[in-house]
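Residue strings, one per chain:
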Amino acid sequence: MTQTPTGHAPPPPPAPPAGPQPRRTAFAEGFDQLRAAATTEPGRLRIIGALIALLVVAFGAIAAWQMTDRAAAADDVLNRSQPLSSDAADIYRSLADANTAAASGYLAGLQEKPAMREGYEKDIGTAAAKLVKAAANSEPGSASADTIADLSRLLPEYKGLVETARANNRQGYPVGGAYLRAANEMMQQRMLPAAEKLYQTENQRLRADYADAKSFPWAAAGLGVLALAALAWAQRRNYQRTNRVLNHGLVTATATATVVLLWLAVSHTVARAGLNDSYDHGVRSLDVLHEARIASLTARSDENLTLVRRGADSKTLGDGRVVDAYELGYDQQIDQLGKALVRAADLADDTSGKKPVQDANGFMKVWKDRHNLARDDNNSGNYQAARDRVIGAAKEPTSVCFDNVDKALAAALDHEQDEFKQAASGGRDSLTGLPTGAAVLAVLGATGAVLGIGRRLSEYR
């Protein structure tokens, strides 16, 4: 070791200057400031005020958002999905009725009445118009859009077969029956199943809208309870530190949050009750009545085709018996009609709803009795008498019974549609104003909380 002349070791070299300290992140600095503020009462009050205001605003915003969604779903139930479901049912009914009218017109031949022909044209026009409306309200590429496109393509083909059958029949050519059979098979095997699929799809959409409209707003309710708990804690804390019972700003915030929470609960409960009523006493009844009307139309079509085909189409039963296919179809459909009418009577909740169903049931029983007379004539070989009992030349034809059943069912459908609209409108209207009111009251409550905390802060200045 080198020593200085005095014998001491030389001093160590100076240390190099320290480099610049690494820059702290804004988050870290903010956290330190927040922690420092939390050590003083004014700082803690600012934090409490900010959190309470944030909770109240979040509560109002979530409540407004969720109730806007539910109000929109309730409006869709009333003005979109249920009308579209009814339109889909009307498409099915119009197609089935057109098929029935085509068979009736063919059976009448040269004696076809203008009203019968006008009824057929009206049904075809109604089906076409409803398909256009359904296409405009369906999503491109969806299952409903594809089904509507298929029906729109098949409808003119069906009409062409009916016109060919009618023209041949008027000229006395038996081949007309083959064309009518082809038209009926197209209707029964392709068009009506497609129309039923469309109806089921629209019913699924209706049920989805019901579920959206009736779902409870748990997020908003949870935030509301949390906001009230925070406000109660803040007021208790304020009382413990100041011995003051009330803080006007915090009381205002508590009152507005309570109003919004109660408004939310009551409005949703009323809306849910109205929507449930519209489904139980409207949609369910409409579904059963549509089923009954379709069964009636199909039974009438089979009744006519029994005489048009004259036993050319048969089916073998499980016991080996061979029966006329359309006669068997009539029996099955008239039985389904009777069961549907029993269910419809059970679902009807007032006299105005029960009476047309009871009338339809009475007309159906008369129809069955008259049909049995026509069947006996046809089985005994008296084709002309059977034909007269069916299409109207006889004194008491089955056509009158069918018309009476159809009119009674139409009256029942109109009544249940009105019941649905009244209940669904009440449910939807109970949500009116809630989204806007929740937002306004939340802003008022947050302002009250900030002012209430601000008044306490002023005591430290």
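**Some points on a nonpolar patch on the surface**
So, step 1. On the surface, Tyr-173, Val-175 and Tyr-179 cluster together to form a nonpolar patch covering roughly 270 Å² of accessible area.
So, step 2. Structurally, the position occupied by Val-175 is in helix α5 (residues 175-214).

**Considering the packing of helix α3 (residues 114-137) against helix α4 (residues 143-170)**
So, step 1. Two elements in contact, α3 and α4, have axes separated by 10 Å at closest approach and are oriented at 165 degrees. Here α4 runs roughly antiparallel to α3, going by the angle between their axes. In this structure, α3 meets α4 at a crossing whose hand is left-handed. Note on element contacts: α4 touches α3 through Ile-148, Leu-151, Ser-152, Leu-155, Tyr-158, Lys-159, Val-162, Glu-163 and Arg-166, opposite Arg-117, Tyr-120, Glu-121, Ile-124, Ala-128, Leu-131, Ala-134 and Ala-135.

**So, the packing of aromatic side chains**
So, step 1. This model, assessed by the stated rule, comprises 4 aromatic pairs.
So, step 2. Ring centres 6.0 Å apart and planes at 65 degrees place the aromatic pair Tyr-330 and Trp-367 in the edge-to-face group. Of this pair, Tyr-330 sits in helix α8 (residues 325-347) while Trp-367 is found in helix α9 (residues 351-379), placing the two residues 37 residues apart along the sequence. The pair Tyr-330 / Trp-367 is uniform in exposure class, with both members buried.
So, step 3. Among the aromatic residues, ring-to-ring pairing joins Tyr-330, Trp-367 and Phe-402 into one connected group.

**Brief notes about the pattern of salt bridges**
So, step 1. Under the criterion given, the structure shown has 24 salt bridges.
So, step 2. Among the ionic pairs, Arg-153 bridges to Asp-150, the shortest N-O distance being 3.8 Å. Of this pair, Arg-153 and Asp-150 are both found in helix α4, 3 residues apart, which corresponds to roughly one turn of the helix.
So, step 3. Take Asp-150: its relative accessible area is 36%, and that puts it in the partly exposed class.
So, step 4. Among the ionic pairs, Glu-291 bridges to Arg-343, the shortest N-O distance being 2.7 Å. Taken together, the residues span a long stretch of sequence, with Glu-291 in helix α7 (residues 248-309) and Arg-343 in helix α8 at a distance of 52 residues.
So, step 5. Several salt bridges converge on common partners, so that one network encompasses Asp-87, Asp-90, Lys-130 and Lys-133.

Conventions used here
- Residues numbered from 1 in each chain as written.
- Predicted model: local features only at pLDDT ≥ 70, side-chain atom pairs only at ≥ 80, totals over all residues.
- Heavy atoms only, no water.
- Patch = residues over 30% accessible without salt bridge, like charges linked within 9 Å, V, L, I, M, F, W, Y side chains within 5 Å.
- Areas by Shrake-Rupley, 256 points an atom, 1.4 Å probe, with all protein chains shown as cover.
- Salt bridge = Lys/Arg side-chain N within 4 Å of Asp/Glu carboxyl O.
- Helix = DSSP H or I, 4+ residues; strand = E, 2+ residues; numbered from the N terminus.
- Axes fitted to C-alpha atoms, helices over the stretch in contact; angles between N-to-C directions.
- Parallel < 35°, antiparallel > 145°, perpendicular 65-115°, else oblique.
- Left-handed = near helix turned anticlockwise from the far one by under 90°.
- Contact = heavy atoms within 4.5 Å.
- Phe/Tyr/Trp six-rings, centres within 6.5 Å; stacked < 30°, edge-to-face > 60°.
- Buried < 20%, exposed > 50% of the residue type's maximum accessible area, 1.4 Å probe, protein only.

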